[in-house]
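One letter stands for each residue in the lines below.
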Amino acid sequence: MWKVILLYLVTTAFASSYKISTKKSGSWWNNIVLYQIFPRSFKDSNGDGIGDLNGITSKLQYIKEFADAIWLSPIYPSPQNDFGYDISDFMDVHYEYGTLKDFDELVLKAKSLDLKVLLDFVPNHSSDQHEWFKKSIKRINPYTKYYVWQDGKKLPNGTRVPPNNWLSMFGGSAWEWNEERGQYYYHQFLKSQPDLNYNNPKLQIEMEKVINFWLKRGVDGFRVDAVSHLYEDPLLKDEPRSKESVPPDDYLYLVHNHTRDLDETYSIVNTWKELMDEYSKYHDRIEKLGFMEVGGNDFSKTMKFYSVGVDPMNFAFITDLKNDSTVADFKKIIDRWMSSMPLNKIANWIVGNHDVARVASRFGSNGNRPDQFSMLSAILPGMTVLYNGDEIGMINSVFTYEETIDPAGCNAGPDRYQLKSRDPQRTPYQWDDSVSAGFSTNSKTWLPVNDNYKTLNLAQQKKLQVSHYKIVKALSDLKRKSPVLIKGDTRVYNVLDKVLVVVRRLSNYDPIVILINFTDEDLEIDGTLSIGNHSKKMLVYVASMNSDLESGQVVQMKKIYVPKASTVVLTSTRDMFS
């Protein structure tokens, strides 16, 4: 027998509710699943232990099963000091990943499957091996001012020091002395990643050429990296001390009010969007997505990107929620984005990415939690963003300091590397239980495959009746076909701090409902008054792993059963079988 507690889903019985009318734009990224691929770790086609473009192309048919667009992390030529985010040529492909011809074939195959393709655009900095930087060191025009150069200061004792106290994201001073030029250059990230100078109009033109180059090769837009860091205070003011308890050389030691989120950023981003719109108008007639990696303490600055025609990335599931977050916490971050977003814009919900611990590790104390995020992001209005491997519940690997190769972890030292290293979430994709998890025919891969690949892999999950992959696939099918999810209204309820309920409704259609039980108790909810299903019953469309609910199971609206720590999506018969 179930031990249940009866709750009432009516306006007077829970903490809060709201209704957002989601008037949708016609943009192709409305209500899609965007799949982020870390190329180095996705699929190796030539046996060198490193993922590549041909490997991605070989798996596009699989990706189409549940996704509508792919976003490729950097594929450009690079010394790989930051695994592709240190770019030595913005208009070519890194030799380990293939060639421009391989990229063209990938795009052609993707378009044949009606998959959109986004590229990572990394405009904030280049590699110190880029020809621009080499010529800037030598003060060769027009490259002299392509980067941020300063003389620095001299102390009374004659010691030379950086111009100010600015810190790098990777720790330590953001300034590096160059003996040949006789000046410091600014680097927000590694010292091998000098920042580009956007106060220079000629540099701006160079980056516009980069955008046009890839548009002509068929990309459907860009995920734009580190947008918040494009401009710095020209007066070089010191940044104030933060309240964080971290070492003085840690980036979090300061409040970064002079090196990020400056107003000039919106103008340059708007220029890029106009450039993309111009290309669409006169060439393929396909609107281009500008998807901005932004974020900080000032939420209004994040929302402002919508006003210049681009979409800010929503990291709330990653930055604002923890393993012990409550129903109220979840409702707050959903409410904040939906109520702040301008009319006719598209929300997005990012489940994970290459820079943070995998969702199954962030919320891994209960086996149901990883499904909770993929399920919730699918039912909420807008775009779902999945990181490769999250659809099968991949977890972080464990690395010693000696095994760590990510510069963020290496620079943090042996006592703090686990806080900074991104190696654990970047291990190769687990396709099957063969050599190197089917990622490569080589037993030695650039990062070692997670030891659990024999039991956690895609091939096995495709065979199971219920699996992480089957859940993602089912919800992707629903997201694609349901008018309710495409253009319905959204209501979010906090039921007595025990259950989060999201109801999607559209006139003349039965609602679609997701219920997430945050407790370790089996619960029953009376949803007859609030959900408004006139048939008095619904069907379980899909439930999270390890729940005792099965797809197709009839649910009486008077007593909706939600097992402990489980997530369940309810639909009508037509959604189940259409």
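Residues numbered from 1 in each chain as written. Predicted model: local features only at pLDDT ≥ 70, side-chain atom pairs only at ≥ 80, totals over all residues. Heavy atoms only, no water.

**Quick notes on the overall build of the protein chain**
Quick note on the threshold: A run of H or I in DSSP counts as a helix once it spans at least four residues, and a run of E counts as a strand once it spans at least two, with each numbered from the N terminus. Radius of gyration: C-alpha atoms only; globule rule: 2.2 Å multiplied by the number of residues to the exponent 0.38. Residue exposure (1.4 Å probe, protein chains only): buried if accessible area is under 20% of the type maximum, exposed if over 50%, otherwise partly exposed. The protein chains shown are the only cover counted for residues, whose accessible areas, like all others here, come from Shrake-Rupley with a 1.4 Å probe. The positive count covers Lys and Arg only, the negative count covers Asp and Glu only, and His and the chain ends enter neither. The atoms used to mark charge sites are NZ of Lys, CZ of Arg, CG of Asp and CD of Glu.
The secondary structure content of the protein chain amounts to 17 helices and 23 strands. In terms of overall size, the protein chain behaves like a compact globule, its C-alpha atoms giving a radius of gyration of 25 Å where 578 residues would be expected to give roughly 25 Å. Projecting the C-alpha coordinates of the protein chain onto the three principal axes gives extents of approximately 80 × 55 × 50 Å. Counting only residues that meet the buried cut, the protein chain has 60% of its 578 residues in that class. Here the protein chain has roughly 23,200 Å² of accessible surface; of this, 50% comes from carbon and sulfur atoms. Taken together, the 69 basic and 72 acidic charged side chains of the protein chain have centroids lying 5 Å from each other.

**Thoughts on helix α6 (residues 264–282)**
The condition that has to hold: To estimate how far a helix should reach, multiply one less than its number of residues by 1.5 Å. Contacts are assigned to residue pairs with any non-hydrogen atoms lying within 4.5 Å of each other.
Its 19 residues place the ends of α6 28 Å apart at the C-alpha level, agreeing with the 27 Å of an ideal helix rising 1.5 Å per residue. Close packing links the buried residues of α6 with β5 (116–121), α5 (201–215), β11 (221–224), β12 (289–292) and α7 (299–303).

**So, the packing of aromatic side chains**
Note the cut-off: Any two of the Phe, Tyr and Trp rings considered here, Trp counted by its six-membered ring, make a pair once their centres fall within 6.5 Å; the pair's planes then place it as stacked at under 30 degrees, edge-to-face at over 60, or tilted in between. A ring is scored as having a charge over it whenever the NZ atom of a lysine or the CZ atom of an arginine sits within 6 Å of its centre and within 35 degrees of its normal.
Counted by the stated rule, this structure contains 40 aromatic pairs. Aromatic pair Phe66 and Tyr469: ring centres 6.1 Å apart, planes at 85°, arrangement edge-to-face. Within this pair, whereas Phe66 is found in the loop between α2 (60–64) and β4 (69–72), its partner Tyr469 is found in helix α15 (residues 468–481), the two being separated by 403 residues in sequence. Residues Phe66 and Tyr469 agree in their burial class; the two are buried. Pairwise contacts between aromatic rings join Tyr35, Phe42, Tyr62, Phe66, Tyr429, Trp431 and Tyr469 into one cluster. It is Arg40 that lies over the ring of Trp446; its NZ or CZ is 5.1 Å from the centre. One cation-aromatic arrangement involves Lys304 over Tyr266; the distance from NZ or CZ to the ring centre is 4.5 Å.

**Here we look at the sheet that holds strand β9 (residues 175–178)**
Here is the rule we go by: If DSSP finds at least two bridges between two strands, the strands pair.
An order of β6-β10-β9 is seen for the 3 strands of this open sheet, with the pairing classed as antiparallel. Of all the strands in the sheet, just β6 (149–150) and β9 have a single pairing partner and so form its edges. Note that β6 and strand β10 (residues 183–186) share 2 bridges and pair antiparallel. Paired with Trp149 across the bridge in β10 is Tyr185.

**Focus on the sheet that holds β4**
As a general point, the strands of a sheet are linked pairwise by backbone hydrogen bonds and lie either parallel or antiparallel. With respect to topology, 8 strands assemble into an open sheet ordered β13-β12-β11-β5-β4-β3-β15-β14, the strand pairing being parallel. The open sheet has two edge strands, β13 (311–312) and β14 (348–350), and neither has a second partner.

**With respect to the packing of helix α11 (residues 369–379) against α15**
Rules: Throughout, an axis means a line fitted to C-alpha atoms (over the contacting stretch in the case of helices), and angles, computed between N-to-C directions, take values from 0 to 180 degrees. Reported orientations rely on four angle classes, namely roughly parallel under 35 degrees, roughly antiparallel over 145, roughly perpendicular from 65 to 115, and oblique for the rest.
The N-to-C vectors of α11 and α15 enclose an angle of 5°; their axes lie 10 Å apart at closest approach. Put simply, α11 runs roughly parallel to α15. In contact with Asp371, Ser374, Met375, Ser377, Ala378 and Ile379 of α11, α15 contributes His468, Ile471, Val472, Leu475, Leu478 and Lys479.

**Thoughts on unusual backbone geometry**
A cis geometry characterises the amide bond from Asn141 onward to Pro142, with omega recorded as 5°. Looking at the element boundaries, Pro142 is found in the loop between α4 (131–137) and β6. Despite not being glycine, Ala437 shows a phi value in the positive range, around 60°. With respect to the secondary-structure elements, Ala437 resides in the loop between α13 (417–420) and α14 (458–463). Owing to a relative accessible area of 0%, Ala437 belongs among the buried residues under this scheme. Backbone geometry at Leu496 places phi at a positive 55°, although glycine is not the residue there. Within the secondary structure layout, Leu496 lies in the loop between β16 (489–495) and β17 (499–505). Judged by relative accessible area, Leu496 falls into the partly exposed class, the value being 44%.

**Looking at the pattern of salt bridges**
The line we're drawing: Any Lys or Arg side-chain nitrogen located within 4 Å of an Asp or Glu carboxyl oxygen qualifies as a salt bridge.
Summed over all chains, the structure comprises 27 salt bridges. Between Arg40 and Glu96 there is a salt bridge; the shortest N-O distance is 3.1 Å. Linking Arg40 in the loop between β3 (33–37) and α1 (53–58) with Glu96 in the loop between β4 and α3 (100–112), this pair joins segments that are 56 residues apart in sequence. Glu96 shares its class with Arg40; the two are buried. The shortest N-O distance in the salt bridge between Asp261 and Arg260 comes to 3.4 Å. By relative accessible area, which is 18% here, Arg260 ends up buried. A network of salt bridges, in which partner residues are shared, links Asp82, Asp355, Asp406, Arg422 and Arg426.

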